[in-house]
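If you want the building blocks of each chain, they are given just below.
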Amino acid sequence: GGSHCFVMNAKEDLSTKKCSACEGKVDKIPNEEIKDYLLLTPEWDLISDTEDKIKKIERKYRVKNFVAGMEFFKQITDIAEAEKHHPDLHLEGYQRVRVVIYTHSVKGLTENDFILASKIDKLKPILSKYHKNKTDVK
């Protein structure tokens, strides 16, 4: 339902789009379309929260050190504030960063989440030499 007329273009750069205001007016992406968005953000994984069953996207990084992690969070903060859309940020074991995104108002994923993900993808955190991208050739 809803006016969901998003035409998928594999070359579309979501990072150039703006998040629309999160006043509950955004459409939740139908489950069958989520995979199309994931193709645009290949470093992100679809996860389903075990407690609340809400679909979210997650990207993992291994940063050089704790300070690099906090600097990365500061860069994400600037984007999140500009977009008025805020991810969940986790820094564990001083190097392992997890960024989790979903839209609280619809309890699921919207185009905004993938726009935010692709903007975060443009950032250049100081990574550990052990960091592995999902899309790296093995």
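Our subject is the structure listed above.
Overview of the structure. In this text the structure is predicted, and so the values were computed from the model without any measurement.

**Observations regarding the nonpolar core**
Side chains of nonpolar character tend, in soluble globular proteins, to be buried together.
Reasoning step 1: Judged by nonpolar contacts, the single largest core of 28 residues is most densely connected at Ile-57, Phe-72, Val-99, Ile-101, Phe-114 and Ile-120.
Reasoning step 2: Broken down by secondary-structure element, the contributors of at least two residues to this core are helix 1 (31-40), strand 2 (55-62), helix 2 (66-83), strand 4 (96-101) and helix 3 (111-121).
Reasoning step 3: When residues no more than four places from it in sequence are discounted, the contact partners of Ile-120 are Trp-44, Tyr-61, Phe-72, Ile-76, Ile-79, Pro-87, Val-99 and Ile-101.

**Points about a nonpolar patch on the surface**
Reasoning step 1: A surface patch of nonpolar side chains, about 340 Å² in accessible area, is lined by Phe-66, Met-70 and Tyr-94.
Reasoning step 2: Take Met-70: it is sitting in helix 2.

**Considering the side chain of Ser-128**
Reasoning step 1: Note that Ser-128 resides in the segment after helix 3.
Reasoning step 2: By relative accessible area, Ser-128 is classed as buried at 8%.
Reasoning step 3: Excluding residues that lie within four positions of it along the chain, Ser-128 makes contacts with Arg-62, Val-63, Lys-64 and Gln-95.

**Quick look at the sheet that holds strand 4**
Reasoning step 1: Here 4 strands make up an open sheet; going across it, the order is 1-2-4-3 and the pairing antiparallel. The open sheet terminates on both sides in strands that have one partner only, identified here as strand 1 (45-48) and strand 3 (88-92). Here the strands of the sheet are splayed against their neighbours by 30° on average, with no regard to which way each runs.
Reasoning step 2: Sheet topology note: the strand 1/strand 2 ladder contains 4 bridges and is antiparallel. Residue Leu-46 lies in a different strand from strand 2, and its bridge partner there is Ile-57.
Reasoning step 3: Against the sheet, helix 3 contacts strand 2 and strand 4, and its axis sits at roughly 5° relative to strand 2.

**A word on the environment of Ile-76**
Reasoning step 1: Counting through the fold element by element, Ile-76 comes out in helix 2.
Reasoning step 2: Sequence separation between Ile-76 and Lys-119 is 43 residues; the distance between their C-alpha atoms is 8.8 Å.

**Here's the deal with helix 3**
Reasoning step 1: For helix 3, the tally of buried residues reaches 9 of 11 residues, placing the bulk of the element in the interior.
Reasoning step 2: When we look at burial in helix 3, the residues that qualify are Asn-112, Asp-113, Phe-114, Ile-115, Leu-116, Ala-117, Ser-118, Lys-119 and Ile-120.
Reasoning step 3: In this fold, the buried residues of helix 3 make contact with helix 1, strand 2, helix 2 and strand 4.

**Digging into the pattern of salt bridges**
Reasoning step 1: Taken as a whole, this structure holds 8 salt bridges when the rule is applied.
Reasoning step 2: As a salt-bridge pair, Lys-134 and Asp-45 come within 2.9 Å of each other at their nearest N and O atoms. Of this pair, Lys-134 sits in the segment after helix 3 while Asp-45 sits in strand 1, and the two are 89 residues apart along the sequence.
Reasoning step 3: Residue Asp-45 is classed as partly exposed on the basis of its relative accessible area, which comes to 32%.
Reasoning step 4: Through salt bridges with shared partners, a single network forms among Asp-49, Asp-52 and Lys-56.

Conventions adopted
- Here the residue index of a chain counts from 1 through its sequence in written order.
- Only residues with pLDDT of at least 70 get local features here, since the model is predicted, and only at 80 or more are side-chain atom pairs given and counted; chain-wide, interface and lining totals rely on the full set of residues.
- Calculation of side-chain values draws on the structure's entire complement of heavy atoms; hydrogens and water are dropped beforehand.
- The term nonpolar core refers to a set of buried residues drawn from Ala, Val, Leu, Ile, Met, Phe, Trp, Tyr and Cys, joined through side-chain atoms within 4.5 Å.
- Partly exposed describes any residue whose relative accessible area lies between the buried limit of under 20% and the exposed limit of over 50%, with all areas from a 1.4 Å probe on protein chains only and scaled to the type maximum.
- The secondary structure listing takes helices from DSSP runs of H or I that are at least 4 residues long and strands from runs of E that are at least 2 residues long, numbered from the N terminus.
- Contacts are residue-level and defined by heavy atoms, with any inter-residue pair within 4.5 Å sufficient.
- Exposure above 30% relative accessible area and no salt bridge define the residues that can form patches, which grow by joining like charges within 9 Å and nonpolar side chains of Val, Leu, Ile, Met, Phe, Trp and Tyr within 5 Å.
- The Shrake-Rupley method, run with a 1.4 Å probe sphere, supplies the accessible areas, and residue values consider only the shown protein chains as cover.
- Whenever Lys or Arg places a side-chain nitrogen within 4 Å of a carboxyl oxygen from Asp or Glu, that contact is recorded as a salt bridge.
- Strand pairing is assigned whenever DSSP identifies at least 2 bridges connecting the two strands.
- Axis angles are defined between N-to-C directions and span 0 to 180 degrees, where every axis is a line fitted to C-alpha atoms and, for a helix, only to the segment in contact.

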